[in-house]
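Here are the chains, one letter per residue:
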Amino acid sequence: MFVDGKSKDPSEISSDGRFLLYRRTGDRTGNDIWIVALDGDRTPRLLAGTPFDENSASFSPDGKAIIYASDESGESEVYVMRIDGAGGKMLVSNGGGSFPRWRRDGREILYLGPDNTIMSVPLTGDGAAMQAGPPRALFQVPLQPGPSSPFDVTADGERFLVNVALPSQTPMALRMIVNWPALLGTAK
């Protein structure tokens, strides 16, 4: 058990089950992304930490990299970086982005643009030679706000599950009950 008095929110366990990725709220650094091994030396290690907020971290399918959102540029943007720190971080969004997701083969990153558009970024290369193509808009959705990611994607990247706001199909009604104690049979 790791206790330091700071708020920690687990994000994900790597596909090989070796590491836990979590968000930790710091005193002066906002939300940061940390990693800890689940076997052996369990000393937590900071992966992404700035005076700003880093959120929504996720392991690549091979467990060698992470994606996350950070507002260090003044707006939320999506970054990718290797967990060994080689090569630094790479900006993959353009004009804002949050809630990043990997396609299961690791060749595409999907994220939510600031106008509720699901965006796609193709990846080429591997390891430190990884490169991101230009972001491409896929579709816009009327999202339902919530505490976690508003969408997920299937392994092949062809279908999406999206938490959308649907218009109510039932008209709003107001019911007023007068003299309700009489209905309980206790009125005197």
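As a reminder, the structure under discussion sits directly above these lines.
So, here's what we can say about the structure. Along each chain, residues carry numbers from 1 onward, in the same order as the chain's sequence is written. Local features are withheld for residues below a pLDDT of 70 in this predicted model, meaning they are given only at 70 or higher, and side-chain atom pairs are given and counted only at 80 or more; totals for whole chains, interfaces and linings count all residues. Each side-chain value is worked out from all heavy atoms of the structure, with water and hydrogens disregarded.

Side note on the packing of aromatic side chains
Right, so step 1: Each pair of aromatic rings taken from Phe, Tyr and Trp, with Trp reduced to its six-membered ring, is defined by centres within 6.5 Å and is described as stacked if the planes are under 30 degrees apart, edge-to-face if over 60, and tilted in the remaining cases. Going through the model one piece at a time under the given rule, you end up with three aromatic pairs.
Right, so step 2: Arranged with centres 5.1 Å apart and planes meeting at 80°, the rings of Phe 139 and Phe 160 form a pair that is edge-to-face. Of the two residues, Phe 139 is situated in strand E13 (residues 136-140) and Phe 160 in strand E15 (residues 160-162); the sequence distance between them amounts to 21 residues.
Right, so step 3: On the accessibility criterion, Phe 139 (28% relative accessible area) is partly exposed.
Right, so step 4: With 6.4 Å between their ring centres and 45° between their planes, Phe 151 and Phe 160 make a pair best called tilted.
Right, so step 5: Under the relative-accessibility criterion, Phe 160 is labelled partly exposed at 24%. Counting from the N terminus, the helices are DSSP H or I runs at least four residues long and the strands are E runs at least two residues long. Accessibility here uses a 1.4 Å probe with only protein chains present; expressed as a share of the type maximum, an area under 20% marks a residue as buried, one over 50% as exposed, and anything in between as partly exposed.

Considering the sheet that holds strand E2 (residues 19-25)
Right, so step 1: Here a strand pair is declared whenever DSSP counts at least two bridges between the two strands. Spatially, E1-E2-E3-E4 is the arrangement adopted by the four strands of the open sheet, whose pairing is antiparallel. Each end of this open sheet is capped by a strand with a single partner; those strands are strand E1 (8-13) and strand E4 (45-48). Taking each pair of neighbouring strands and ignoring which way they run, the sheet shows an average axis angle of 35°. Throughout, an axis means a line fitted to C-alpha atoms (over the contacting stretch in the case of helices), and angles, computed between N-to-C directions, take values from 0 to 180 degrees.

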